[in-house]
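# Inside the fold
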Amino acid sequence: MDENKKEDIVSFIVLILGILALIIGFSSDCIRCTNCGDDDNRMVLYASGRDENGVEYKSCVGPAGCLGFGINSKCWPTECVYIEKYVEDSKISGCVTYYNKAGCISKSEVKSEGEYSDELTCFNISCFGEKYVETVAESERATTSASCFGVKCGGTSTTEFQGLNDVMPRQFSKGCWSKN
């Protein structure tokens, strides 16, 4: 194999990994795509806006949504939706990761895991709050834990399931190529 072909292959692999890094993000479980598109200017992989209740959202299609197959893991999401709402001095934010069973995404059930934070902010810094995690898979379960300055403090306890993952509708229920 000559040097030009090797360079082309390495460049192609780096390009694909770069695109996946942008889609999936580095800093959290929630896909980070915040610099393109909105309701009036919808991009192929990204949508953002505000619903009628004042909840801001940013929604990105994950690799399963683009490639059309799931692997039954939130690490291979179909779609991720980041939501944020301010109520007085409190900021409620969350990230819902939708994923599918193994196989074609149009022929399998959608699962979800949502992580929500209700934090009291002091000078725009998280002082203390509560983290609520909701999982909808083979069964529905929810847990809560306290947080201090954005870090978990204390144990995790099982709590009443609130159904928050279904409150903010998915923007790309059919993956990359269609809004609905």
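Notes on the structure in this doc start here.

The rules behind each value
Residues numbered from 1 in each chain as written. Predicted model: local features only at pLDDT ≥ 70, side-chain atom pairs only at ≥ 80, totals over all residues. Heavy atoms only, no water. Helix = DSSP H or I, 4+ residues; strand = E, 2+ residues; numbered from the N terminus. Buried < 20%, exposed > 50% of the residue type's maximum accessible area, 1.4 Å probe, protein only. Contact = heavy atoms within 4.5 Å. Areas by Shrake-Rupley, 256 points an atom, 1.4 Å probe, with all protein chains shown as cover. Salt bridge = Lys/Arg side-chain N within 4 Å of Asp/Glu carboxyl O. Core = buried A, V, L, I, M, F, W, Y, C linked by side-chain atoms within 4.5 Å.

Moving on to the overall build of the protein chain. A tally of regular secondary structure across the protein chain gives two helices and ten strands. Across the protein chain, helices and strands are ordered from the amino to the carboxyl terminus as α-β-β-α-β-β-β-β-β-β-β-β. Among the 180 residues that make up the protein chain, the fraction classed as buried is 37%. Counting contacts in the protein chain only where the partners sit at least 6 residues apart, residues at least 24 apart contribute 40% of the total. Approximately 11000 Å² of the protein chain is accessible, and the part contributed by carbon and sulfur atoms is 56%.

Summed over all chains, the structure comprises six salt bridges. Glu56 is the partner of Arg50 in a salt bridge, and the nearest nitrogen-oxygen pair spans 3.0 Å. Of the residues examined, Glu56 reaches a relative accessible area of 28% and is grouped as partly exposed. Lys111 is the partner of Glu138 in a salt bridge, and the nearest nitrogen-oxygen pair spans 2.7 Å. Here Lys111 lies in strand β7 (residues 110-122) and Glu138 lies in the loop between β8 (125-136) and β9 (140-148), a separation of 27 residues in the sequence.

To continue, consider unusual backbone geometry. One non-glycine residue, Asn72, lies in the positive phi region at around 65 degrees. Secondary-structure assignment places Asn72 in the loop between β3 (69-70) and β4 (79-87). Since its relative accessible area comes to 38%, Asn72 is described here as partly exposed.

Residues Val55, Tyr57, Val81, Ile83, Val96, Tyr98, Tyr116, Tyr132, Ala142 and Met168 constitute the largest nonpolar core, which totals ten residues. The set of elements that each furnish at least two residues to this core consists of β4 and β5 (90-100).

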